[in-house]
Structure formats: structure tokens, C-alpha cells
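Residues per chain are reported as follows:
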Amino acid sequence: MTEKEIDQKAAIMIVIEHLGDVPAGTKCSAVFFDRERIRREQEFHAQLYSETGVHDPEVRRAMVAANVADEPYWLVSLKFSGGASGEITQLHRVDARTRKVLPEPAS
């Protein structure tokens, strides 16, 4: 980890500060996506799109780029108690270098 990159606890705290009001008892975790994990995620998405009928390589690359970050990031999971509906999970990505919450991927 370089001097600019953050650790798991810092990534979680960045998301909590970004959201503002996180209820006590919320379960928090974070997983680091390094370049190798990002490469595997990109391959997975490319294969998925190919299997669902996207055969044009340029279109497939654009779709992968719209849904998978290029730079290392932390994927932070917050699990809230949803009362009668059970747990509600929110996922947020935090850039490992800029310490900013990344926008949600295109749907």
C-alpha cells in the first residue's frame, strides 16, 4: 500500500462520513479491489455480456468500462436492519488514492 492509499477502516469511515447518518449497529465491511481483481472482474463482465448476446467487441468494452472501475478501489458493504424485511445491504466504492466515494456504475 502506498502512502496515498487507504486501509479498510479508513474506507469504511469515508463511506459513513459521506452518507452522514448511519444507524448504530450497522454491519460494515470492505474488500480491496487491486489491479488483478479488477482484471478478473472485467473478464467476468465481458464473458457475461458475450453470453447474453453482445458480440461487438467495442460495445462489450464500453459496457465493461461503464460498470467496472479502472483504478484500485475499496468495495464497502453496509448492512442495515430492515425491520420486517430483514437486512438491507448497500455497496459503495471508494477510490483507494483519492479517498472519494465513486459514483454508482451505469445500469
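Basis of the calculations
Residue indices begin from 1 for each chain and proceed along its sequence in written order. Since the coordinates come from a predicted model, pLDDT governs what is reported: local features require at least 70, and pairs of side-chain atoms require 80 or more to be given and counted, while whole-chain, interface and lining totals use all residues. Side-chain metrics rest on all non-hydrogen atoms present in the structure, leaving aside hydrogens and water. Salt bridges are defined as contacts in which a side-chain nitrogen from Lys or Arg sits within 4 Å of a carboxyl oxygen from Asp or Glu. A run of DSSP states H or I qualifies as a helix once it reaches four residues; a run of E qualifies as a strand once it reaches two. Both are numbered from the N-terminal end. For every residue, the accessible area obtained with a 1.4 Å probe (protein chains only) is divided by the maximum for its type, and the residue is called buried under 20%, exposed over 50%, and partly exposed between those limits. Aromatic rings from Phe, Tyr and Trp, with only the six-membered ring used for Trp, were paired whenever their centres fell within 6.5 Å, and each pair was classed as stacked if the ring planes differed by under 30 degrees, edge-to-face if by over 60, and tilted otherwise. Consider the ring centre and the ring normal. A charge sits over the ring if Lys NZ or Arg CZ is within 6 Å of that centre and within 35 degrees of that normal. Helix axes are fitted only over the stretch in contact, all axes being lines through C-alpha atoms; the angle between N-to-C directions runs from 0 to 180 degrees. Oblique is the label for every angle not falling under 35 degrees (roughly parallel), over 145 degrees (roughly antiparallel), or within 65 to 115 degrees (roughly perpendicular). In this scheme the crossing of two helices becomes right-handed for a clockwise turn of the near helix relative to the far one and left-handed for an anticlockwise turn of less than a right angle. In what follows, residue pairs with any heavy atoms lying within 4.5 Å of each other are defined as contacts. Following the grouping adopted for this structure description, the nonpolar residues are Ala, Val, Leu, Ile, Met, Phe, Trp, Tyr, Cys and Pro, the charged ones are Asp, Glu, Lys and Arg, and the polar ones are all others, Gly among them. Strands are treated as partners if at least two bridges between them are detected by DSSP.

Novice: Looking at this model, I keep getting lost on the pattern of salt bridges. Mind explaining?
Specialist: Going through the model one piece at a time under the given rule, you end up with seven salt bridges. One salt bridge connects Glu-71 with Arg-35, and the closest N-O pair in it is separated by 2.9 Å. You can see Glu-71 sitting in the loop between α3 (57-67) and β2 (73-81) and its partner Arg-35 sitting in helix α2 (residues 35-51), a full 36 residues away along the chain. The exposure class assigned to Glu-71 is partly exposed, which follows from its relative accessible area of 36%. The salt bridge partner of Glu-36 is Arg-39, with a shortest N-O separation of 2.3 Å. Placement of the pair is Glu-36 and Arg-39 together in helix α2, with a separation of three residues, close to one helical turn. Look at Glu-36 and you get partly exposed, because its relative accessible area is 37%. One network of salt bridges, in which partners are shared, links Glu-36, Arg-39, Arg-40 and Glu-43.

Novice: How should the packing of aromatic side chains be read in this particular structure?
Specialist: Describing an aromatic ring pair means giving the distance of the ring centres and the angle of the ring planes. Counted by the stated rule, this structure contains two aromatic pairs. With 4.8 Å between their ring centres and 10° between their planes, Phe-33 and Tyr-73 make a pair best called stacked. A residue pair is termed long-range when its members are at least 10 positions apart, and Phe-33 in strand β1 (residues 27-33) and Tyr-73 in strand β2 qualify at 40 residues. For the pair Phe-33 and Tyr-73, a shared accessibility class is recorded, and that class is buried. Cation over ring: Arg-37 sits above Phe-33, and NZ or CZ is 5.2 Å from the ring centre. One residue, Arg-93, lies across the ring of Tyr-73, its end atom 5.6 Å from the ring centre.

Novice: What am I meant to see in the packing of α2 against α3 here?
Specialist: The packing of two helices is summarised by the inter-axis angle and the distance between the axes. Where α2 meets α3, the closest approach of the two axes is 9 Å, and the angle between their N-to-C directions is 130°. On the basis of the axis angle, α2 is oblique to α3. As α2 packs across α3, the resulting crossing turns out to be right-handed. Contact residues: α2 offers Gln-42, His-45, Ala-46, Tyr-49 and Ser-50, while α3 offers Arg-60, Met-63, Val-64 and Asn-67. Of the residues contributing to the contact of α2 with α3, the split by class is four nonpolar, four polar and one charged.

Novice: Please clarify how unusual backbone geometry should be interpreted in this entry.
Specialist: Leaving glycine out, the prevailing phi sign among residues is negative, and the prevailing peptide bond configuration is trans. Of note, the phi angle at Arg-99 is positive, near 65°, even though the residue is not glycine. Relative to the helices and strands, Arg-99 resides in the segment after β3 (87-95).

Novice: Explain the pairing of β2 here, please?
Specialist: Every regular strand shows the same layout, with side chains that alternate between the two sheet faces. Relative to β2, β1 runs antiparallel, the two being bridged by seven bridges. Its bridge partner being in β2, Phe-33 is matched across the sheet by Tyr-73. Where β2 meets β3, nine bridges bridge the pair, whose relative direction is antiparallel. Bridging across to β3, Tyr-73 finds its partner in Asp-95.

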